[in-house]
Amino acid sequence: MDSMYREIILEHHKTPHNFGTLDPADYTAEDTNPLCGDQIRMDLRVENNIVTDVAFTGRGCAVSIASASMLTDMVKGMSLDEVRAISKDDMLEEIGIPVSPARIKCATLGLNVLKLSLALGDEFHHHDAE
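In short, a report on the structure. (Residues numbered from 1 in each chain as written. Predicted model: local features only at pLDDT ≥ 70, side-chain atom pairs only at ≥ 80, totals over all residues. Heavy atoms only, no water.)

Digging into the sheet that holds strand β2 (residues 38-47)
Then, number 1: The three strands lie next to each other as β1-β2-β3, forming an open sheet whose pairing is antiparallel. With one partner strand each, in any of the chains shown, β1 (27-33) and β3 (50-59) form the two edges of the open sheet. Across this sheet, the average inter-strand angle for adjacent strands is 15°, counted without regard to direction.
Then, number 2: Of the strand pairs in this sheet, β2 and β3 are connected by nine bridges, and their pairing is antiparallel. Following the sheet pairing, Val 46 is matched in β3 by Val 51.
Then, number 3: Across the face of the sheet, helix α2 (residues 62-75) comes into contact with β2 and β3 while running at roughly 170° to β3. (Pairing = 2+ DSSP bridges. Helix = DSSP H or I, 4+ residues; strand = E, 2+ residues; numbered from the N terminus. Axes fitted to C-alpha atoms, helices over the stretch in contact; angles between N-to-C directions. Contact = heavy atoms within 4.5 Å.)

Digging into the pairing of β2
Then, number 1: As defined by bridge partners, β1 adjoins β2 across seven bridges and the pair is classed as antiparallel. When the sheet's bridge partners are listed, Asn 33 is paired in β2 with Asp 38.
Then, number 2: Following β1, the chain reverses through four residues before pairing antiparallel with β2; Gly 37 in that reversal takes a positive phi of roughly 85°.
Then, number 3: In this structure, the hairpin formed by β2 and β3 is closed by a connection of two residues, where Asn 48 is found at a positive phi of approximately 50°.

Considerations on the nonpolar core
Then, number 1: Counting residues in each nonpolar core, the largest one holds 36 residues, and the members touching the most others are Ile 40, Met 42, Leu 44, Leu 71, Val 75 and Ile 95.
Then, number 2: The set of elements that each furnish at least two residues to this core consists of β1, β2, β3, α2, α3 (80-85), α4 (88-95) and α5 (104-129).
Then, number 3: With residues near it in sequence (within four places) discarded, Val 75 still touches Val 51, Val 54, Val 83, Ile 86 and Leu 114. (Core = buried A, V, L, I, M, F, W, Y, C linked by side-chain atoms within 4.5 Å. Buried < 20%, exposed > 50% of the residue type's maximum accessible area, 1.4 Å probe, protein only.)

Structure follows, in structure tokens:
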């Protein structure tokens, strides 16, 4: 593994970006990786279909916290459609280090929670409109 990438992971783990909660948030979800107990919560603020702010909290291994931190940097300023289009492979590419099969769930937990927040939020916002 490239030591520069390892440094980036450790840096994001030690001082994660956008760590905290947003209140109020337009989209929120929380999930756990049952294999290792990692837990991530994501909050998003959205204006005119653009992510204007994002925050996350959680506990877990360096890979899950670092990838969630990187993800928050990545999605700020994106449209909801762009966020929905982020794939597992995009996330793994963003992390920049080879992730073992056992760690894939750690690396993608933040992304799964982010997508869950959009799905739940869409359901909630859809009911508001009725």
